[in-house]
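Overview (structure and organization)
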Amino acid sequence: MTHNRLLRATMFLFAVTVVLSATAQDKKNMFNPVTYSVTSLAIAPDARGGGMGDVGAATEADVNSQYWNPAKYPFCVGRTGVALSYTPWLRKLVNDINLAQVAGFYRIGDYSAISGSLRYFSLGEVSLGYNSSTGMADGMTINPYEMAVDVAYSRMLSETFSMAVGMRFIYSDITYDYSSESSAGTAFAADIAMYYNNYYMMFGRECGLGIGLNISNIGSKISYGGDDNSEFIPTNLRLGMNLTIPFDEYNRLSIAADANKLLVPTYPKLEGDETTESYNQRVIRDYYDVSPIAGIFKSFSDAPNGFQEELEEIQLSAGLEYSYNDRFFLRAGYHDESANKGNRKYLTAGAGFKMNVFSLDASYVFSTAQSNPLDQTMRFTLAFDLDGIQDLFGQRR
């Protein structure tokens with residue numbers, strides 16, 4: 001069916017990433033990743049978080065907090081900022097898949113902020129026609145893409161605690177069969193986030209402790225037409241902690257860790273004594289007929305191999321950031337995912353520098369899983385402090 005072909009297309013990028021890293025026996029018996037549509041929503045966009053192993057729920061607030069935890073914005077030092085991030089994606093496989101994002105925020109008074117972002121994920125140029133006699137493409141070409149735009153409002157409820165809510169519109173045009181039965185998919189989603197930030201005496205110094213929680217992409221399922229089934233979007237629970245240790249007036253070190261759990265039901269597997277007809281009926285009953293909210297609760301207890309497999313669905317990330325005079329930054333991190341759930345295991349490194357007006361960050365991925373297409377992925381982020389620009393021209397009020 002057209003709908004199933006579309007789902008396979010949108011899952012291709014992550015399928016090649018995880019399948020190449022698993023052994024044949026694992027793929028046959030244990031390999032069971034959580035599947036969802038609009039996979040680009042799960043890609044970390046900015047170089048700072050990317051350089052720390054994809055960590056960001058509780059790190060110190062910056063202009064790219066919209067993706068990680070929008071509740072951090074009221075704790076930003078600056079009042080206004082905007083950033084552009086760019087990632088050439090899966091360069092070991094193709095050379096024309098890219099993710100770009102623009103994010104920004106504005107603090108309203110001293111206790112609240114409004115923020116937003118626009119991300120665009122291009123899957124490059126795809127040729128639809130193929131001539132078997134010549135071995136060359138002879139049909140039309142398309143440019144499938146996914147896009148999301150969101151806005152969030154955050155507010156400090158005390159000097160150390162804030163919350164945020166966000167709304168997101170999602171558009172996914174991966175249709176390659178332009179007929180009356182297929183169309184681009186749309187969905188709406190919401191985020192709920194919390195952030196705690198305080199200072200405690202540790203190691204003989206006043207250290208900053210941050211704790212963050214972000215439940216993102218709580219929303220409708222997405223359908224591309226062609227049948228009555230619709231797919232889950234990547235609803236995600238992100239919980240993180242960050243500890244900032246100042247060594248002296250100029251040097252400090254941040255240690256951060258995140259845990260992620262996709263709040264999406266596991267796609268049912270065919271059992272040994274089950275007929276194809278019974279299996280298809282069970283897939284519709286236990287997967288496609290499940291509502292998004294019911295799917296969130298179902299995702300904690302539906303793994304075929306029980307509690308052990310549920311634990312395997314938790315992805316762990318840890319990262320370090322060294323800062324000199326809040327001007328020069330070095331970062332490193334590690335991301336771990338179970339081999340049975342995707343096997344995305346990689347080290348990251350990054351660096352950045354900050355001036356009064358702008359900052360520039362870059363990060364790099366070193367895969368630790370064999371034949372992983374994520375290897376050698378780079379991210380770039382250019383951010384502007386609009387307060388700094390006003391200072392530069394003497395226009396601050």
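Rules of the game
- Residues numbered from 1 in each chain as written.
- Predicted model: local features only at pLDDT ≥ 70, side-chain atom pairs only at ≥ 80, totals over all residues.
- Heavy atoms only, no water.
- Salt bridge = Lys/Arg side-chain N within 4 Å of Asp/Glu carboxyl O.
- Helix = DSSP H or I, 4+ residues; strand = E, 2+ residues; numbered from the N terminus.
- Polar contact = N/O pair within 3.5 Å; in protein donor to acceptor, adjacent residues only side chain to side chain.
- Contact = heavy atoms within 4.5 Å.
- 1 Å grid on protein atoms, 1.4 Å probe; cavity = no way out; pocket = protein on both sides within 12 Å on 5 of 7 lines; lining within 4 Å.
- Points joined across faces, edges and corners; volume = space filled by probe spheres on them.
- Nonpolar A, V, L, I, M, F, W, Y, C, P; charged D, E, K, R; others polar.
- Phe/Tyr/Trp six-rings, centres within 6.5 Å; stacked < 30°, edge-to-face > 60°.
- Buried < 20%, exposed > 50% of the residue type's maximum accessible area, 1.4 Å probe, protein only.
- Lys NZ or Arg CZ within 6 Å of the ring centre and 35° of its normal.
- pLDDT = per-residue confidence, 0-100.
- Pairing = 2+ DSSP bridges.

**Description of the pattern of salt bridges**
Counting across every chain of the model gives 20 salt bridges. For Asp326, the salt bridge goes to Arg252, with nearest N and O atoms at 3.6 Å. On the criterion of sequence distance, the pair formed by Asp326 in the loop between strand S12 (314-324) and strand S13 (328-336) and Arg252 in strand S11 (residues 251-262) is long-range, its members being 74 residues apart. For Glu313, the salt bridge identified is with Lys341, shortest N-O distance 3.3 Å. One end of the pair, Glu313, is in the loop between helix H7 (307-312) and S12; the other, Lys341, is in the loop between S13 and strand S14 (346-354), and 28 residues separate them in sequence. When salt bridges with common partners are traced through the structure, they connect Arg48, Asp62, Glu321, Arg331 and Asp361 into a single cluster.

**Side note on the side chain of Asp54**
Mapped onto the secondary structure, Asp54 falls in the loop between helix H3 (47-51) and helix H4 (65-68). A polar contact is formed between the side chain of Asp54 and the side chain of Tyr346, at a distance of 2.5 Å. When sequence neighbours within four positions are dropped, the list of residues in contact with Asp54 reads Ala44, Gly49, Trp68, Arg238, Asp258, Ser317, His335, Tyr346 and Arg379.

**Observations regarding empty space enclosed by the protein**
The final tally for this structure, using the stated rule, is four cavities of 30 Å³ or more. Its boundaries defined by the atoms lining it, the largest cavity holds a volume of some 560 Å³. Surrounding the largest cavity, 35 residues form its lining, Ala42, Ile43, Ala44, Tyr67 and Arg238 being those nearest its centre. Along the lines of polarity and charge, the residues of the lining of the largest cavity split into 15 nonpolar, 12 polar and eight charged.

**A closer look at the packing of aromatic side chains**
Evaluation of the coordinates by the stated rule reveals 13 aromatic pairs. With a centroid separation of 5.2 Å and 80 degrees between ring planes, the pair formed by Phe75 and Tyr195 is classed as edge-to-face. Here Phe75, found in the loop between H4 and strand S1 (80-88), pairs with Tyr195, found in strand S8 (residues 185-202); they are 120 residues apart in sequence, far enough to count as distant. Judged by relative accessible area, which is 2%, Tyr195 ranks as buried. Relative to Tyr145, the ring of Tyr120 lies with its centre 5.2 Å away and its plane at 20 degrees, an arrangement referred to as stacked. Highlighted residues: Tyr120 in strand S3 (residues 112-122) and Tyr145 in strand S6 (residues 145-156), separated in sequence by 25 residues. Chaining the aromatic ring pairs together yields one cluster made of Phe232, Tyr267, Tyr287 and Tyr288. Between the NZ or CZ atom of Lys221 and the centre of the ring of Phe232, over which it lies, the distance is 4.3 Å.

**Some details on the confidence of the model for the protein**
Of the residues in the protein, 84% have a pLDDT of 70 or more, and the chain-wide mean is 86. The model gives residues 1-28 a pLDDT under 50, and that stretch makes 64 contacts with residues more than four places away or in other chains.

**Re unusual backbone geometry**
The phi torsion at Asp54 lies on the positive side, around 65 degrees, for a residue other than glycine. Non-glycine residue Asn325 carries a positive phi angle of around 60 degrees. Assignment of secondary structure puts Asn325 in the loop between S12 and S13. Relative accessible area serves as the criterion here: at 37%, Asn325 is assigned to the partly exposed category.

**Here we look at the pairing of S11**
Bridge count between strand S10 (residues 236-246) and S11: 11 bridges; the pairing is antiparallel. Considered in S11, the bridge of Ile245 is made with Leu253. Examined bridge by bridge, S11 and S12 share 11 bridges and lie antiparallel to one another. Residue pairing in the sheet places Arg252 in a bridge with Ser323 of S12.

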